[in-house]
Amino acid sequence: MDLSHLLSPSKTNAVRGICALAIFLFHIIIGISSSAVFHFWGGMFVAVFLILSGYGINESFHKHGLKDYWHKRLTKVIVPTLVFASCFSLFDPQRNMQTLVNEVLYITPTYWFVFHVTKCYVVYWLARRYMGKRWGLFLILCAVVCLNYQACDMHLESEQSFSFLFGVLLSEKKEWFNRQSAQKVRVAVCGCFLIGLLAFGLKTLPTLHAYIGTVSYNYLLCPFRLTWGIVALYLLARLNVIERSRLWQNEFRGVHCPYPPVAAYYHAIECAHLRRV
């Protein structure tokens, strides 16, 4: 399996475009229906973004090191988020300077995705800058800490603890993956699907709902999000037709805001910040 072809820049940009549209639809649907049937796939596509982000950052590191590392992150993610949050607070009568401060300090989790991916950037930079040969161990340790930490966003960050890390490892072990046959890859993807299906089945059990909001529940959500994120990435990357469509390759700007249906649009384009990082 040629991982460089499967995850080529043009193909991953197309995958991100489809995922942005999927998350757009996800936020519209959850505003209409509270059924758990429609609530399983939003986090799956977020996992795809984080996997591709980790993969792309590690590929860039091997080519350019840490040169212009923070310039790219600031101009593509952090600054646009701060600008939008500031404008949104100024023109929305229900929001004020205090709500803006709460957002910037992450007291409220409206922009949880941007905060999470920014923390991933910081952890990766620290690992590569100061950890030497133990950089991988440092990333794993940070992922474990995230898994066992319940932030103000409930499970949204914890369930994605290993998504970015998996993307980094996918890049780092690319030669090993390239040596695997297509059949072995398909078997592994099927295994991921079954693990995710098991976790999803357990997630729907009313008995386990008592653990929602606890660290224990993270151990159910994390494998569910990661494994089905891997499956979604593999299937989307195999669709050659999306690579030829300019529709999926538009670069969006902005972050999501808390009011549907506008929330759906902005959350989708928030995720598209990960393009080419």
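Residues numbered from 1 in each chain as written. Predicted model: local features only at pLDDT ≥ 70, side-chain atom pairs only at ≥ 80, totals over all residues. Heavy atoms only, no water.

Student: Go over the nonpolar core with me, naming the residues and quoting the values.
Tutor: Core analysis: the biggest nonpolar cluster contains 58 residues, and Leu 7, Phe 45 and Tyr 124 have the highest contact counts within it. Counting residues per element, this core draws most heavily on helix α11 (residues 215–237), at 13 residues. Not counting the four nearest positions on each side in its chain, Tyr 124 is found in contact with Ile 57, Asn 58, Phe 61, Tyr 69, Leu 139, Phe 164 and Val 168. (Core = buried A, V, L, I, M, F, W, Y, C linked by side-chain atoms within 4.5 Å. Buried < 20%, exposed > 50% of the residue type's maximum accessible area, 1.4 Å probe, protein only. Helix = DSSP H or I, 4+ residues; strand = E, 2+ residues; numbered from the N terminus. Contact = heavy atoms within 4.5 Å.)

Student: Give a detailed account of the environment of Val 114, specifying residues and quantitative values.
Tutor: Within the secondary structure, Val 114 is located in helix α6 (residues 112–130). The class of Val 114 is buried, set by a relative accessible area of 6%. In this structure, the C-alpha to C-alpha distance between Val 114 and Val 77, residues 37 residues apart in sequence, is 7.2 Å.

Student: For the packing of helix α3 (residues 42–64) against helix α8 (residues 163–172), give the residues involved together with the corresponding values.
Tutor: Orientation of α3 relative to α8, taken along the N-to-C sense of each, is 40°, at an axis distance of 7 Å. Taken together, the axis directions place α3 and α8 in an arrangement best described as oblique. Considering only the axes of α3 and α8, their crossing is right-handed. Between α3 and α8, the contacting residues are Ala 47, Leu 50, Ile 51, Ser 53, Gly 54, Tyr 55, Ile 57, Asn 58, Glu 59 and His 62 on the first element and Ser 163, Phe 164, Phe 166, Gly 167, Val 168, Leu 170, Ser 171 and Glu 172 on the second. Grouping the amino acids of the contact of α3 with α8 by side-chain chemistry returns 9 nonpolar, 7 polar and 2 charged. (Axes fitted to C-alpha atoms, helices over the stretch in contact; angles between N-to-C directions. Parallel < 35°, antiparallel > 145°, perpendicular 65-115°, else oblique. Left-handed = near helix turned anticlockwise from the far one by under 90°. Nonpolar A, V, L, I, M, F, W, Y, C, P; charged D, E, K, R; others polar.)

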